[in-house]
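Here is how the chains run, residue by residue.
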Amino acid sequence: MALLNEHRVRKASEEGLLKARKVRVDTTAVEANIHYPTDASLIYVGVRTITRLVKQAQALGIAAGHYFQDRTRSLKKRLLSITKVLRRRTGEAVKGGGPH
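Nothing here was measured: the structure is a model prediction, and the numbers come from that model. (Residues numbered from 1 in each chain as written. Predicted model: local features only at pLDDT ≥ 70, side-chain atom pairs only at ≥ 80, totals over all residues. Heavy atoms only, no water.)

Student: Explanation requested: helix 2 (residues 39-60) in the structure shown.
Tutor: Along an α-helix, residues three or four positions apart point the same way, because every turn accommodates 3.6 residues. Look at helix 2: 32 Å from first C-alpha to last across 22 residues, which is about the 32 Å you get at 1.5 Å a residue. Looking at the buried positions of helix 2, the neighbouring elements they touch are helix 3 (72-90). Residue Gly61 follows helix 2 closely and has a positive phi angle near 85°. (Helix = DSSP H or I, 4+ residues; strand = E, 2+ residues; numbered from the N terminus. Expected span 1.5 Å × (residues − 1). Contact = heavy atoms within 4.5 Å.)

What follows is the structure, given as structure tokens:
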């Protein structure tokens, strides 16, 4: 890690981005909840992305005349119900695990 920091400081100095004799870096680590991707959440993200792209295509007139059903609301409800069941199965809801 020290070599990486030295390289960054040297490169910044060479490019004129840094004009200091000393550099102090704060590398404090902060604990945070991590959202692990599940199959259901990945499907939801994919459907949202496809829906956004289709709507952009329709706005440009590319997909004129084609009917497209926006399923993001129903899929979000399904995702929340899956999450609720999984929390109940793992006991996370009992432990007091926050929303992810």
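Student: Where do I start with the side chain of Thr51 in this structure?
Tutor: Locating Thr51 in the fold gives a position in helix 2. Here the side chain of Thr51 touches Val47 through a polar contact of 2.7 Å, landing on its backbone oxygen. Apart from residues lying up to four places away in sequence, Thr51 is in contact with Phe68, Asp70 and Thr72. (Polar contact = N/O pair within 3.5 Å; in protein donor to acceptor, adjacent residues only side chain to side chain.)

Student: Mind showing me how you'd approach the packing of helix 2 against helix 3 here?
Tutor: Packed helix pairs are specified by the crossing angle of their axes together with the interaxial distance, meaning the distance between the axes. Axis separation between helix 2 and helix 3 bottoms out at 10 Å; the angle between their running directions is 170°. Between helix 2 and helix 3, the interaxial angle falls into the category roughly antiparallel. The residues of helix 3 that touch helix 2, namely those facing Ala40, Ser41, Ile43, Tyr44, Val47, Arg48 and Thr51, are Thr72, Leu75, Lys76, Leu79 and Ile82. Among the residues forming the contact of helix 2 with helix 3, the class breakdown is seven nonpolar, three polar and two charged. (Axes fitted to C-alpha atoms, helices over the stretch in contact; angles between N-to-C directions. Parallel < 35°, antiparallel > 145°, perpendicular 65-115°, else oblique. Nonpolar A, V, L, I, M, F, W, Y, C, P; charged D, E, K, R; others polar.)

Student: What am I meant to see in the pattern of salt bridges here?
Tutor: Note that side chains of opposite charge can pair when their charged atoms are close. Within this structure, the stated rule accounts for one salt bridge. Among the ionic pairs, Asp70 bridges to Lys55, the shortest N-O distance being 3.0 Å. With Asp70 in the loop between helix 2 and helix 3 and Lys55 in helix 2, this pair connects stretches of sequence that are 15 residues apart. Since its relative accessible area comes to 31%, Asp70 is described here as partly exposed. (Salt bridge = Lys/Arg side-chain N within 4 Å of Asp/Glu carboxyl O. Buried < 20%, exposed > 50% of the residue type's maximum accessible area, 1.4 Å probe, protein only.)

Student: It is not clear to me how helix 3 should be interpreted in this structure. Could you clarify?
Tutor: The terminal C-alpha atoms of helix 3, which comprises 19 residues, lie 27 Å apart, in line with the 27 Å expected from a rise of 1.5 Å per residue. Within the span of helix 3, buried status applies to Thr72, Leu79 and Arg87. For helix 3, the angular spread of the buried residues around the axis is 70°, confining them to a single face. Turned more than 90 degrees from where helix 3 packs its buried face, Lys77, Arg78, Lys84, Arg88 and Arg89 sit exposed. Where helix 3 terminates, the next one or two residues include Gly91, which has phi positive at roughly 80°. (Arc of directions from axis to C-beta.)

Student: Mind showing me how you'd approach the environment of Val47 here?
Tutor: Structurally, the position occupied by Val47 is in helix 2. Each residue touching Val47, except ones within four places of it in the same chain, is listed here: Thr72 and Leu75.

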